[in-house]
Amino acid sequence: MINCLSYNLSGTFGKMKWLKQRDIIDESIDWAGALVFQALHDMDFKFRFGERRLEKIGDDIDGVQNEDSGFLMRWKNKIEKNGYNHLLVCKLAETLEKKLTHNTQNMELKRNAQDMIIGSIIVIIYKAAFRYDFEKCDILKIMEKLKLYEYLIRKNELTIYDFMKCLQRECNVQFPVLDEYETKHGKVDIGPRHAIYIKERNK
C-alpha cells in the first residue's frame, strides 16, 4: 500500500504550511502526485509502473526532507535538460489550483498551492528518472500525459478523483482526500478497467 504523497512531502514543504492553509497545501501535493503517478502508470510497457515501482518512488520521496534549500532548483535544471517542460507544468498547476481553491481571490493561497503542485511534480519526476534511468524520450512521454490530463481536467471531462480512483484500484495508492470525497459524494465510478485510458485514446 502506498500512502498519500503529502505524508512523505509534508516535512519537506513544512515551512510553507501555515495552519489556515494546511489542508489546501496537503491536497495540492496529493493532486500533483496523483497525476504524475498516473502518467507513470500509463506509460508503455518499458517500465511497467505498478504498485511496487510506485511504492519505491514513494519511499525515495520520503528522504527529500533532508535535502538543502536549493535542491528543487537544481533538480528542475537537471530534468529540464532531458525533456521536462516547466511552462507546461505551470499551466497544469494553475488549472489544478483553480479547481482546488474554487477560484479563491486569496492570492497568497493561490500562489502557495501552485508552488506545492510544481514542486511536487519536480520531485517525483526527478526521483523516478534517477531510480529508473529515464532517457529524454521517457520524460517527454510524461509531459505528453500531463498535457492531456490538464486538458481533460480543465474541460471537466475528468476530475482529479477519477485519477485517484484508478490508482487506488490498480496500484493500491491510498488518498485520504479521495475517501473524504466519496464519504460526502458517493463512490467515484470510473467504469470498467482502463476507462480512463479509453477516454484518452478518443482524444
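Look a little higher up for the structure.
Definitions and cut-offs
Residues numbered from 1 in each chain as written. Predicted model: local features only at pLDDT ≥ 70, side-chain atom pairs only at ≥ 80, totals over all residues. Heavy atoms only, no water. Core = buried A, V, L, I, M, F, W, Y, C linked by side-chain atoms within 4.5 Å. Buried < 20%, exposed > 50% of the residue type's maximum accessible area, 1.4 Å probe, protein only. Helix = DSSP H or I, 4+ residues; strand = E, 2+ residues; numbered from the N terminus. Contact = heavy atoms within 4.5 Å. Arc of directions from axis to C-beta. Phe/Tyr/Trp six-rings, centres within 6.5 Å; stacked < 30°, edge-to-face > 60°. Polar contact = N/O pair within 3.5 Å; in protein donor to acceptor, adjacent residues only side chain to side chain. Disulfide = S-S within 2.5 Å.

Q: Looking at this model, I keep getting lost on the nonpolar core. Mind explaining?
A: What tends to happen in soluble globular proteins is that the nonpolar side chains get buried as a cluster. Formed by 62 residues in total, the largest nonpolar core has its most connected members in Leu-40, Tyr-84, Ile-121, Phe-134 and Leu-146. Every element with two or more residues in this core is listed here: α2 (22-42), α3 (51-62), α4 (71-80), α5 (86-101), α6 (107-132), α7 (136-154), α8 (160-171) and α9 (176-185). No other element matches the 13 residues that α6 contributes to this core. Leaving out residues up to four positions away in the same chain, Ile-121 has contacts with Ala-32, Val-36, Tyr-84, Val-89, Leu-92 and Leu-146.

Q: Looking at this structure, how should I read α9?
A: The α-helix advances 3.6 residues per turn, and as a result positions three or four apart in sequence lie on the same side. For α9, the set of buried residues is Val-177, Leu-178 and Glu-182. Down the axis of α9, the smallest arc covering the buried residues is 135 degrees, so these residues share one side. In α9, those exposed residues whose orientation departs by more than 90 degrees from the buried face are Thr-183 and Lys-184.

Q: In this structure, what is going on with the packing of aromatic side chains? I would like to understand it.
A: Taken as a whole, this structure holds ten aromatic pairs when the rule is applied. Consider the rings of Phe-49 and Tyr-132, whose centres lie 5.2 Å apart with planes at 90 degrees: the pair is edge-to-face. You can see Phe-49 sitting in the loop between α2 and α3 and its partner Tyr-132 sitting in helix α6, a full 83 residues away along the chain. On the basis of relative accessible area, Tyr-132 is assigned to the buried category, the value being 12%. Considering the side-chain rings of Tyr-149 and Phe-163, the 4.9 Å spacing of their centres and the 55 degrees angle between planes classify their relative orientation as tilted. Highlighted residues: Tyr-149 in helix α7 and Phe-163 in helix α8, separated in sequence by 14 residues. A connected cluster of aromatic rings, assembled from ring pairs, spans Phe-47, Phe-49, Tyr-132 and Phe-134.

Q: For this particular structure, what's the right way to read unusual backbone geometry?
A: The general pattern is negative phi for most residues beyond glycine and trans for most peptide bonds. Even without a glycine there, the phi angle at Asp-133 is positive, about 50 degrees. Unusually for a residue other than glycine, Asn-156 sits at a positive phi of about 60 degrees. Take Asn-156: it is sitting in the loop between α7 and α8. Among the residues examined, Asn-156 registers a relative accessible area of 56% and is labelled exposed.

Q: Even after reading the chapter, I still don't get the side chain of Glu-182, so can you show me in this structure?
A: Mapped onto the secondary structure, Glu-182 falls in helix α9. A polar contact of 3.0 Å, which involves the side chain of Glu-182, links it to the side chain of Lys-165. With near-sequence residues (within four places) excluded, Glu-182 lies in contact with Lys-165, Lys-187 and Val-188.

Q: Looking at this structure, I do not really get the side chain of Lys-165. What am I missing?
A: Topologically, Lys-165 is positioned in helix α8. Exposure remark for Lys-165: the relative accessible area of 12% places this residue in the buried category. In this structure, Lys-165 is in contact with Leu-178, Glu-182, Lys-187, Val-188 and Ile-190, ignoring residues within four places of it in sequence.

Q: How should the state of the cysteines be read in this particular structure?
A: Put plainly, a disulfide is one covalent bond tying together the sulfur atoms of two cysteines. According to the stated counting rule, one finds zero disulfides in the structure shown. Left unpaired, Cys-171 is separated from the closest cysteine sulfur, that of Cys-166, by 7.0 Å. The buried category is assigned to Cys-171, whose relative accessible area is 1%.

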